[in-house]
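Below are the chains, spelled out letter by letter.
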Amino acid sequence: MKLDNEAYVLVMPSMKHKQAAIEYISEFARAGELIDGTGLEADIGESFDAYGEWISRFYSSDEGAADGKVGGSFTYFFMDENERRLIGTVNIRQGNKIEEEFGNIGYAIRPLLRGQGLGKQLVESAVAMCEFMGLEVITAVINPENYPSKRILESCGFLVNGILSNGNVMYRRGENNA
């Protein structure tokens, strides 16, 4: 499946995106993959009926803030400009404990749409959103064997910042990548 000459936007999830989200999650399930790092699958799981509950929690500004695990964490949908097709998801984390372990951004692209430059567009959009939010340093954490993500991050100006205790690689962009 290839998409040509389309524009993409980051949008906040809403109930109008439920069908697109179901199709997105189903594609990952058919591919036998998890939707790591985006805040989507962990909240919805395999129950599509839980989408409405997830949306309600998503718009609750203090969800999880007390334990420092979710507060300041926002999931965006990367969609076609008409908001009919969910291309990818990104989670932007700011000012909480999960950021230290997983970085400021986590993202995923539909399995059937990979290899078309959409991951780079998604990360560029996420970086722009992080900068808009006032983040001067942006981090991402990946599995060292995730070579496509490594290429995407490096093409977007991220450099290796270190190896975490679990073996994952922390990438960093900003403040001269020091």
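Owing to the predicted nature of the structure, the values given are computational and were not obtained by experimental measurement.

> Please clarify how the nonpolar core should be interpreted in this entry.
Where a protein is soluble and globular, its nonpolar side chains tend to be buried together. Core analysis: the largest hydrophobic core is formed by 28 residues, its most contacted members being Val90, Ile105, Val123, Leu153 and Phe158. Secondary structure elements with two or more residues in this core: strand S1 (8-11), strand S2 (73-80), strand S3 (86-93), strand S4 (105-109), helix H5 (118-132), strand S5 (138-142), helix H6 (147-155) and strand S7 (169-173). Counting residues per element, this core draws most heavily on H5, at seven residues. Ignoring sequence-local partners within four residues, the contact set of Leu153 consists of Tyr107, Val123, Ala140, Ile142, Phe158 and Tyr171.

> Please clarify how the confidence of the model for the protein should be interpreted in this entry.
Overall, the prediction assigns the protein a mean pLDDT of 81, with 78% of residues at 70 or greater. Per-element confidence in the protein is highest for H6, whose mean pLDDT is 96, and lowest for helix H2 (residues 41-44), whose mean pLDDT is 53. Considering only residues more than four positions removed or in separate chains, one finds that residues 62-71, a stretch of pLDDT under 50, has 15 contacts.

> In this structure, what is going on with the environment of Pro13? I would like to understand it.
Checked against the element boundaries, Pro13 lands in the loop between S1 and helix H1 (18-30). Looking at Pro13, the relative accessible area reads 0%, which means it is buried. Linking Pro13 and Trp54, residues 41 residues apart in sequence, is a C-alpha distance of 9.6 Å.

> Just to check I follow, could you spell out the environment of Gly162 for this structure?
Mapping Gly162 onto the fold places it in strand S6 (residues 159-163). Assessed through its relative accessible area of 24%, Gly162 is described here as partly exposed. Once residues lying within four places of it in the same chain are set aside, the contact partners of Gly162 are Asn168, Val169 and Met170.

> What exactly am I supposed to notice about the environment of Ile22 here?
With respect to the helices and strands, Ile22 occurs in helix H1. Given a relative accessible area of 18%, Ile22 falls into the buried group. A sequence separation of 29 residues divides Ile22 from Tyr51, and the C-alpha atoms of the two residues are 8.7 Å apart.

> Before we go on, may I ask you to explain unusual backbone geometry in this structure?
Backbone phi values are negative for most residues with the exception of glycine, while trans is the configuration of most peptide bonds. Despite not being glycine, Glu83 shows a phi value in the positive range, around 60°. Checked against the element boundaries, Glu83 lands in the loop between S2 and S3. Given the relative accessible area of 24%, Glu83 is considered partly exposed.

> What is the right way to read the pairing of S7 from this model?
Across a regular strand the side chains alternate sides, sitting on one face of the sheet and then on the other. Within S7, four of the five residues are buried, leaving the element largely enclosed by the surrounding structure. Bridge analysis of S5 against S7 gives five bridges, and the strand direction is antiparallel. Looking at the pairing, Ala140 lines up with Tyr171 of S7. Pairing geometry for S6 and S7, over four bridges, is antiparallel. Considered in S7, the bridge of Leu159 is made with Arg172. What sits between the antiparallel neighbours S6 and S7 is a turn of five residues, in which Gly167 has the positive phi angle 95°.

> Would you mind showing me how to read H1 here?
Owing to its 3.6 residues per turn, the α-helix aligns residues three or four sequence positions apart on the same side. Taking 1.5 Å of rise per residue, 13 residues should cover 18 Å, and H1 covers 18 Å from first to last C-alpha, within 8% of that figure. The complete set of buried residues in H1 reads Ala20, Ala21, Ile22, Tyr24, Ile25, Ser26, Glu27 and Phe28.

What counts and how
- Residues numbered from 1 in each chain as written.
- Predicted model: local features only at pLDDT ≥ 70, side-chain atom pairs only at ≥ 80, totals over all residues.
- Heavy atoms only, no water.
- Core = buried A, V, L, I, M, F, W, Y, C linked by side-chain atoms within 4.5 Å.
- Buried < 20%, exposed > 50% of the residue type's maximum accessible area, 1.4 Å probe, protein only.
- Helix = DSSP H or I, 4+ residues; strand = E, 2+ residues; numbered from the N terminus.
- Contact = heavy atoms within 4.5 Å.
- pLDDT = per-residue confidence, 0-100.
- Pairing = 2+ DSSP bridges.
- Expected span 1.5 Å × (residues − 1).

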